[in-house]
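Residue-level listing of the chains:
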Amino acid sequence: MGIRLSTIDRRKFERLAEIMEMNNEVVGLLSTYLTDCPNFVTEELIHNFCEECGVPKEEAFRHLLIVACGLNIENNVRDRQLAVNYLMPAVRKLDPQEYRTNPYYMHLRIPQVRFGDWELKYEKYIPYEAFVCNEIVLDEDFKEIPQIGFFDTEFSFPAVMQNNNEWMAIKPNEVETMQ
């Protein structure tokens, strides 16, 4: 049984299908980046980019992430759309002090101990390491904008590990979702 749509509704449906496809593509790009090379952007790359282009660190990070994701924004319209509509608004430089002064983070102290397969320890993000920092933002057009953050200094956080696999950690994403 076919569904008949008006021309306007068909266009809306096609646009929604295109947005869903781009949502999935961006999640795939960022998942690959965060899994395979979250430390691709380094302090040296940021410094050189900022110096050569005269842009702030956050802007430099965004452009370097676009390159690391393999997007060709100069010659490919689709890549440019993904960069402008998704990656540019997704990335932000975070202030580590905002998280260090969070009451939950501030008052949680764990000993660094190991018992069997389990370990309580402090892990860290190195400067310019990318990570998910908050829930996905859904805009009015149903674009799903991931929230990717980075610090320009090292940031430590408590973690519970089993066989070097993280079970729980107090990272910026957890602090944001708890609030």
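The model shown is predicted, which means the values in this text are computed figures rather than measured ones.

**Q** Got a minute to help me understand the sheet that holds strand β5 (residues 144-150) in this structure?
**A** Strand pairing in a sheet takes place through backbone hydrogen bonds and is either antiparallel or parallel in direction. Pairing is mixed in the open sheet, where 3 strands are placed in the order β1-β5-β4. Strand pairing shows two members of the sheet lacking a second neighbour, β1 (91-93) and β4 (131-138), which therefore form its edges. Geometrically, the sheet is characterised by an average inter-axis angle of 25 degrees between neighbouring strands, direction not taken into account. Where β1 lies against β5, 3 bridges are found, and the strand directions are parallel. For Lys93, the partnering residue across the bridge sits in β5 and is Phe150. Against the sheet, helix α1 (residues 7-36) touches β4 and β5, its axis set at about 20 degrees to β5. Contacts between helix α4 (residues 77-90) and the sheet are confined to β1 and β5, with β5 contributing the most and set at about 35 degrees to the helix.

**Q** Would you mind going over the side chain of Lys121 with me for this structure?
**A** For Lys121, the location among the structural elements is in strand β3 (residues 118-125). On the accessibility criterion, Lys121 (18% relative accessible area) is buried. For Lys121, the side chain forms a polar contact with the side chain of Glu123, separated by 3.1 Å. Those residues in contact with Lys121 that sit more than four places away from it in its chain are Ile110, Gln112, Phe157, Pro158, Ala159 and Met161.

Thresholds applied
Residues numbered from 1 in each chain as written. Predicted model: local features only at pLDDT ≥ 70, side-chain atom pairs only at ≥ 80, totals over all residues. Heavy atoms only, no water. Pairing = 2+ DSSP bridges. Helix = DSSP H or I, 4+ residues; strand = E, 2+ residues; numbered from the N terminus. Axes fitted to C-alpha atoms, helices over the stretch in contact; angles between N-to-C directions. Contact = heavy atoms within 4.5 Å. Buried < 20%, exposed > 50% of the residue type's maximum accessible area, 1.4 Å probe, protein only. Polar contact = N/O pair within 3.5 Å; in protein donor to acceptor, adjacent residues only side chain to side chain.

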